[in-house]
Amino acid sequence: MTRRDPTGPPARASSQAATPTAVQSLWKAYIDTTPARLKFIDAFLAFLVLSGVAQFVYCILVSSFPFNAFLAGFASSVGQFVLTASLRIQVNPENRTLYKTVSPERAFADFAIGSVVLHFFVFNFLG
Amino acid sequence: MPLAYNLPTGLPPSTVKNTASLVRIVAFALISGAAIASRLFAVINFESIIHEFDPWFNYRATRVLASKGFYEFWNWFDPTAWYPLGRVVGGTIYPGLMATSGVIYNVLQALHLPVDIRNICVLLAPGFSALTAWSTYMFTREMKDDRAGLLAAAFIGIVPGYISRSVAGSYDNEAIAIFLLMFTFYLWIKALKLGSALFGTFAALFYFYMVAAWGGYAFITNMIPLHALALIIMGRYNSRLYVAYSTWYAIGTLASMQVPFVGFQPIRTSEHMGALGVFGLLQIVAFVELVRSHVSSKQFQDLLFVSVIAAGAVGTGTIIGLTYMGWIAPWTGRFYSLWDTGYAKKYIPIIASVSEHQPTAWPSFFMDLQFLVFLFPAGVIMCFRELRDEHVFVIIYSLVGSYFAGVMVRLMLTLTPCVCVASAIALSQVLDTYINPVEPDAPEDAKDEGESKKEKKAAASVGSASVVELITGENKKDRKAGIFGLAPRIAVLLHTGAMLWFFVLHCTWVTSNAYSSPSVVLASHQRDGMHLIDDFREAYYWLRQNTPETAVVMSWWDYGYQIAGMADRPTLVDNNTWNNTHIATVGKAMSSSEEVAYPILRKHDVDYVLVIFGGLIGYSGDDINKFLWMVRIAQGVWPDEIREPDYFTPNGEYRIDDRASETMKNSLMYKMSFYRYNDIFGGGQAMDRVRNQVVPKNGPTLDYLEEAFTSENWIVRIYAVKKDDLLGRDLKVANAFEQGKKRKRSKPPIKRRALA
């Protein structure tokens, strides 16, 4: 499960190594070209990353005692993150050509079903 | 376009489509029928009975589930297994099979169809084989088309490699697991093709079902990541892969941890780390792709590339580090034995002793797959021709599956579906090529073309020409000479048809002769027909009827489940071989002399000892043939007391006749097997028909056990363990007294007294 986090850190690490202009240009490009819908999804993704990191830090620093509960919570963050990321990919207008059968509405329905199934197991595993 | 033969013209496309779909449905019904019917040999030749060993436990557990409900079953503690330890059944099984039967049972009951739970258990495997055929059809359709799909379904329906594990009565996890395997793979391919989170979720759900049903789920756990990794390395990453894999992994892993027997393994053992690693890698790759789409600086992209590799290395290092720190369990012994076939024999004899864990002999590939074995590589090469993402999957599957099937006999089962798919692709390619009437244009046959046009016109005009003529095109005279003509086509098609026909004959023959024996009831074919040898049930029912319910029966672990299921008596060890020491204890008791074994038997409250002896009728799967494994397993725990070489003759032979070693002759197993065996030969030479050796004239004697029951053909022999002598004598002395023998040892004590 530790592997989930590296998505954030390595990029950050690399951006620190790069010149600040590169990061700035990346940020600018992101602000300029991303539709508002996707930014909204990105905000949710950022929240999920923070939630996952917080749980992981708690697990390491304080206790992992009800291990199943920790796993359920962490898996909830991770699972919801990948489902939301999938939704973001599918509704991204740039990827329209890749998803001929998945319309944005269908993508959202898939997202909803996946989330329900995920949280069914999360709830069952909380103990 | 010139045609090799004429096709009916003027049909509306809708008619063609509807007819094709009708033909598909009919073909599918027939395939299902054939798949189910060919698995019923066991029921017809014998009866509706649970087979072999493990199914007896599954059946017993299912009965508990059906009669007491799911919660009772989930919390079931079985005090009669592994006496005196007991077994927490709910937490040590894959409950998918029992749950499936339980659901079917309850649905039928709700419909007021009072079907016995035993019949549901017996017929579950044939029923699911039809579903397997269907899922293989769906899977192959994604690879090629409907035609290949139908062929694959027909192959998997009757191929002996799968039938061997799914005949009626073979109520084991594999019965439903192969369906789940193929269906999960199908859903994965579908999710990958469409980039659909919905199919990813379904794949995760069926993966969960698979985890609940069979320990072989680890195959899926590693196959899908391997496929994903191969696609990434081949530079075929796209966001569809991300969607499919992430959805499957995130939901599937969490779901798999709900099964108590699996528990935290998916994040704690090395077998599952590959899937986790690929999941992490995909996140990084996806993130990098996202960033890349926003910046185009070359330098920045290079930096990202390096950071991906660094992150991958760090991740692998972390996993290895955690393994060394003990947080992640290293590979288990069972897993090592897949890479080093000699490993199990050296370190875990209990695994090596199971016959289905032996490496596969080459004839069994032909026996189980027949001509599919030859078509299989052709199909794999066909996959290379197009090499879409899903073809990569079949290629990886065929490589991995072939390796595992070569290492372990039982893993032939996981190879079989892949062989069927690949062969169907190859064969349908052949049929497509030779049935397709279109002849390619050859540059020089302008004259031919004109001729054929004329003929076509003629054929069209002759509306009253007979159907046969129309189809076979026999009204053509000279045009058929070329390689594209009818003759080579018919030759190839006839040959293909003959191969298919022989395949069907072979499958039916193998199924009826090799794979349909319940092994609880044996059949012997003699001149006047088939005789049933029902010694096992005879003996188990004897135990059931004539012993108290608490009587503990000791036998080698192979028979533990059967004794529990049919005799309903506590056993020391059974087929769930989780406690090596306990099994070694039984092995030690069997392989030591009576004097050593007796205290062991008494300490474990053993009332009866059961041995299988095939010497009289030549049943080769008996305990004397398994005896060396008992010795080896016991030696693993007590190397000072039990030594394998002691059981061989000085020449290193394993014998039971006069030349057998003393240790062998004194062992409890030998004594129990040949006790009073000479008597049935009335003074003649007593032959052991399994080993073709003459049993010594003076048979073994028993002091601490007494014969309680011997079945009709002597296959099962049951001995009662004598209780302490009433007068407090040693049982050996008491026995000697009973027989009126003089106490030989009366002198030395007097001598000693005189000395004092």
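Report follows, based on the coordinates. All of these numbers come straight from a predicted model, not from anything done at the bench.

Quick notes on the overall build of chain B
Thinking step 1. Of regular secondary structure, chain B possesses 34 helices and ten strands.
Thinking step 2. Dimensions of chain B, computed from C-alpha atoms along their principal axes, come out at roughly 125 × 75 × 60 Å.
Thinking step 3. Burial status across chain B gives 53% buried among its 756 residues.
Thinking step 4. Taking as baseline every contact in chain B between residues at least 6 positions apart, the subset at least 24 positions apart corresponds to 72%.
Thinking step 5. Accessible surface, chain B: about 34000 Å² in total, of which carbon and sulfur atoms supply 61%.
Thinking step 6. Here chain B holds 67 positive side-chain charges and 64 negative ones, and the gap between their average locations is 3 Å.

Points about the interface of chain B and chain A
Buried accessible area, meaning the area lost when the parts come together, often serves as the stated size of an interface.
Thinking step 1. With 47 residues of chain B at the contact, the number on the chain A side is 47 residues.
Thinking step 2. For the pairing of chain B and chain A, the buried interface totals around 3900 Å² over both sides, and the portion due to carbon and sulfur atoms is 75%.
Thinking step 3. Ranking the residues of chain B by area buried against chain A places B:L254, B:Q258 and B:H294 at the top, with a combined share of 15%.
Thinking step 4. Counting every contact that joins chain B to chain A gives zero salt bridges.
Thinking step 5. Our count for the contact surface shared by chain B and chain A stands at six residue pairs in polar contact (both at pLDDT 80 or more).
Thinking step 6. Of all the elements in the fold, those that place two or more residues in the side of chain B that touches chain A are α10 (197-213), α12 (239-256), α13 (265-268), α14 (273-294) and α15 (298-325) of chain B.
Thinking step 7. For the side of chain B that touches chain A, the element with the most residues is α14(B), which contributes twelve residues.

Some thoughts on the environment of B:V115
All names here are of chain B.
Thinking step 1. Examined against the element boundaries, V115 turns out to sit in the loop between α5 (96-110) and α6 (117-143).
Thinking step 2. Judged by its relative accessible area of 29%, V115 falls in the partly exposed class.
Thinking step 3. Distance in space between the C-alpha atoms of V115 and I104 is 9.9 Å, their sequence separation being eleven residues.
Thinking step 4. Contacts of V115, omitting those with residues within four sequence positions, involve Y105, L108, Q109 and I120.

Cut-offs used in this document
- Within every chain, residues take consecutive numbers counted from 1 along the sequence as written.
- For this description, chains carry letters from A and ligands carry numbers from 1, given in the order in which they are written.
- Reporting in this predicted model follows two pLDDT cut-offs: at least 70 for local features of residues, and 80 or more for side-chain atom pairs to be given and counted; totals over whole chains, interfaces and linings ignore these cut-offs and use all residues.
- Here the side-chain values reflect all heavy atoms present in the structure, with hydrogen atoms and water set aside.
- Where helices and strands are cited, they refer to DSSP runs of H or I of at least four residues and of E of at least two residues respectively, numbered from the N terminus.
- Note on classification: 1.4 Å probe, protein chains only; a residue is buried when its accessible area is under 20% of the maximum for its type, exposed when over 50%, partly exposed between these limits.
- We call two residues in contact whenever any of their non-hydrogen atoms come within 4.5 Å of each other.
- The Shrake-Rupley method, run with a 1.4 Å probe sphere, supplies the accessible areas, and residue values consider only the shown protein chains as cover.
- The charge count includes Lys and Arg as positive and Asp and Glu as negative, but it does not include His or the ends of the chains.
- Here the site of a charge means atom NZ of a Lys, CZ of an Arg, CG of an Asp or CD of a Glu.
- Buried area: the accessible area, evaluated with a 1.4 Å probe, that two parts lose upon being put together, summed over both parts.
- Here a salt bridge means any side-chain nitrogen of Lys or Arg lying within 4 Å of a carboxyl oxygen belonging to Asp or Glu.
- Here a polar contact is recorded for every N or O atom pair within 3.5 Å, except that within protein the pair must consist of a potential hydrogen donor and a potential acceptor, and residues adjacent in sequence are included only if both atoms are side-chain atoms.

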